[in-house]
Each structure stands twice: as C-alpha cells, then as structure tokens.
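Residue-level structure breakdown
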Amino acid sequence: MKIVVLPGDGIGPETMAVAVAVLEAASQRFGLGLALEHDIAGHESLQKHGATVTQALLAKVKAADGLMLGPMATYDFKDEAKGEINPSKFFRKELDLYANIRPARTYPGVPTVVQPFDLTVVRENTEGFYADRNIASGNSEMLITPDVVVSLRRITRSCCERIARSAFELAMVRRKHVSIVHKANVLKIGDGMFIEECHKIAREFPEVQVDDFIVDAMMAHVVRAPQRFDVIVTTNMFGDILSDLTAELSGSLGLGGSVNAGLDHAMGQAAHGSAPDIAGQNIANPFSLILSASQLLGWYGQRKNLPAFQAAAAAIDAAAEAAVAASEATRDVGGKLGTAEIGQAFVRRLLAA
Ligand code: NAD
C-alpha cells in the first residue's frame, strides 16, 4: 500500500512523526509492505510552491492508495487566488471523499462526564452548508450587499443515498443500529429528502434498527446517554459539530480519529486543528492521528479483502487502549509523556504485542 504523508501546520509535524512511526511498526509486524511517500502541504507548500496544495501533489495522491493529512491552519488560508487553498476541502472535493467516518469511544482510565460508550458518526462530506465545496466552480457564499450574505446549502439525492449506504454497511459490522440526525422540522425539503433516502437504504438492511432525531435534541441525547447510540448518520455541518462533541465526550478531542473515504480513495485526518497555541512544545496528543492511520489501514484492508491490514488496524486500536490505560499519553487525557516519548512507547508496545 502506497500512502502519501503530508504533516501539515502547527502540531502537524510532531504528531505526524508519531503516526508515521506507528505505521512503519505496523508494516513491520504484519508484513504490510507499506510505502510512505513524504510531501508537503499547507504553509510550507505555500512558501515553497506558492500554493498550499498543487496539481502535482494531487496527481501523486491519486496514484497512491491512501493519504495521511496532518492538521492544517485553514483559518489562515483565505484567498484561493493567492494559493491559499484549504487542503482538507481540496482533497475531499477532488477525490470525492464523501464519507467522513468519525468513531468516538471512551477509554478505561480516561475520566469522562458520561457513561462508557462506543459510537461512530458518519458525516456526509461533499455538500450541505459547505459553500466552498458544494458547487462545481466558485463559492456559494455571496455578499449580496455590504450588509447581506446568502450562503447556499446543497442536498443531493445521490449524496444522501451513498452516505446512508456507508452508515448501514458500517452498522452491519457493529451493533446494527443507525440513528438519522436531521432538522427536517425546518429544512423540510432538504432534510426530508435525506431522511427519505436513509429509510430507502434501510429497507436493504432489515436487521438494522433505525431511529431518527432532530439535531438540537440530539445534542441533549448524546450528552445524557451516548451509550444509546451505535452509528449516527447526518449531513455535513451537523456531523462536523456533533462529531467534535462526541470526541470530546470520549475524554478529549485529541482521541478522535477520522477517515474520509470515497469509492477509490481515502484520507486519514486528525479530528482536531493545527493547535498553534501548543505547537512545537512536545505536548500535542498524537492519538487522533494514530487512530486515523489505523482507520486508513482498516479501510484498505476491507476494500482489498486483506486481513493483515484489518489485523494491523485492530492491533493499533488495542495498543491505543492499553497505552491510555497505562498513562502513556499526554496530559490532556491524564498522562505525563511528551508527544515524541508517546511515539517511542507506542511502537515498543505494538511490536511487543
Ligand atoms: P484546534 O483544534 O487546533 O485547537 C482547539 C483546542 O484544542 C486548542 O486549545 C488546542 O491546543 C487543543 N488541541 C487541539 N488538538 C490537540 C491535540 N492533538 N493535543 C492536545 N490539544 C489539542 O482548533 P482552533 O484553535 O480553532 O484552530 C486552529 C487552526 O486549525 C485554525 O487555522 C483552524 O482553521 C484549523 N483547523 C483545521 C482543521 C483540520 O485541518 N481538519 C480542523 C479544525 C481546525
């Protein structure tokens, strides 16, 4: 498997170094034959190539089997005409990575305000309220007069259908329960279509229990009793917000892995941002990127029917659980180690298992 690695901005380089060490250790232990191709995106690319991402980089990623994207300083990238392109949006759109899969689970040893839980948010990734990616050219957020803004939301039947299918397929290998999250009481037509398509796909999966929740009420349900949920499927912006909440409920945003998957490509990506406030201090939590790397291996193994990749993903997840329980973690989840030391301990643990 060929994986392009882009460390990103802020805490990206230090956390990606750990994720790379873990991928190399997994490759060694499970005979995966991973080939990691290192390149740059974000501020470093902007300085060197005049753009945060380039067409040459896209061609390289398209020729590979997967991408590991570090956190990007997206808020700094405001003007595409100056090469300031949001790399995350760029790859999601160019590679049609329509399913953002964001698991969240509690870990023994990490204090939380909720009961133990294990759920996954399946978020539509290519349309909705995301004005920078929901039209073919340009941006669907418009300044009509200096005091009036219109932002368009796109909902497409085929996009609803494919994200629903991702959710139900995932539920079949989990606890066979899908919760649909929407705002159909207000967005009657768009979210009405989303619900309709989810129920249409549900008929192909009669073993899966289905329920639905209005997004605002869902915030209360998920805080009150996250253990009720298994797979949650929702549109882009609701999923973005809800999955940060569920990651934080699990103990820390730094424990939330994320993969963006399409039919032919997938991108592992930390759930958090570039955290400039702690960059370069060796205190950033690398687990989000480690778990994203695990998800990328799992996606490839499932797609190519390669059990070694799925075994590697399971071993990384198990090592993460054991490491957190042994306090081999950063201070945000009750540990005492620095980012680099966590990487060394994690690799030792993975190779010794
Ligand atoms: P952030 O996620 O970078 O940080 C929020 C808070 O969480 C900060 O206090 C930070 O120190 C902490 N934090 C984040 N990741 C952590 C980790 N791994 N370990 C320990 N603590 C961690 O969000 P922000 O500060 O709003 O954004 C910073 C930049 O990141 C902005 O430019 C924003 O646009 C960008 N961003 C990028 C992505 C992405 O690339 N997917 C996602 C969110 C934000």
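What counts and how
Residues numbered from 1 in each chain as written. Predicted model: local features only at pLDDT ≥ 70, side-chain atom pairs only at ≥ 80, totals over all residues. Heavy atoms only, no water. Buried < 20%, exposed > 50% of the residue type's maximum accessible area, 1.4 Å probe, protein only. Helix = DSSP H or I, 4+ residues; strand = E, 2+ residues; numbered from the N terminus. Pairing = 2+ DSSP bridges. Axes fitted to C-alpha atoms, helices over the stretch in contact; angles between N-to-C directions. Salt bridge = Lys/Arg side-chain N within 4 Å of Asp/Glu carboxyl O. Phe/Tyr/Trp six-rings, centres within 6.5 Å; stacked < 30°, edge-to-face > 60°. Parallel < 35°, antiparallel > 145°, perpendicular 65-115°, else oblique. Contact = heavy atoms within 4.5 Å. Nonpolar A, V, L, I, M, F, W, Y, C, P; charged D, E, K, R; others polar.

1. Quick word on the pairing of strand β3 (residues 66–69)
Alternating residues of β3 divide into G66 and M68 and L67 and L69, and every residue in both groups is buried. Judged from the 4 bridges that link them, strand β1 (residues 2–6) and β3 form a sheet pairing that is parallel. Along β3, the bridge assignment pairs I3 with G66. With 3 bridges joining them, β3 and strand β12 (residues 266–269) adopt parallel strand pairing.

2. Notes on the sheet that holds strand β8 (residues 177–182)
Taken in spatial order, the 10 strands of this open sheet run β2-β1-β3-β12-β11-β4-β5-β10-β8-β9, and their pairing is mixed. Across the chains shown, the open sheet's two edge strands, defined by having one partner strand only, are β2 (35–38) and β9 (209–214). Sheet twist, expressed as the mean angle between neighbouring strand axes with direction ignored, is 25°. Relative to β9, β8 runs parallel, the two sharing 6 bridges. What sits directly across from V178, in β9, is V210.

3. Focus on the pattern of salt bridges
For side chains bearing opposite charge, pairing can occur when the charged atoms are close. Under the definition given, this model contains 22 salt bridges. Its salt-bridge partner being R133, residue D132 comes within 3.0 Å of it at the nearest N-O pair. Accessibility expressed as a relative area gives 21% for D132, which makes it partly exposed.

4. Here we look at the packing of aromatic side chains
In this structure the tally under the stated criterion is 5 aromatic pairs. On the basis of an interplanar angle of 75° and a centroid distance of 5.4 Å, the ring pair of F213 and F229 is categorised as edge-to-face. Of this pair, F213 sits in strand β9 while F229 sits in the loop between α7 (215–224) and β10 (231–234); the two residues are 16 residues apart in sequence, bridging distant segments of the chain. Take F229: its relative accessible area is 0%, and that puts it in the buried class.

5. As for the packing of helix α1 (residues 12–30) against helix α11 (residues 339–352)
The axes of two packed helices give the description: the angle between them and the distance between them. Between α1 and α11, whose axes approach to 9 Å, the crossing angle comes to 10°. By the angle between their directions, the pair α1 and α11 is classed as roughly parallel. Residues E14, T15, V18, A21, V22, A25, A26, Q28 and R29 of α1 pack against T339, G343, F346, V347, L350 and L351 of α11. When its residues are assigned to classes, the contact of α1 with α11 shows 9 nonpolar, 4 polar and 2 charged.

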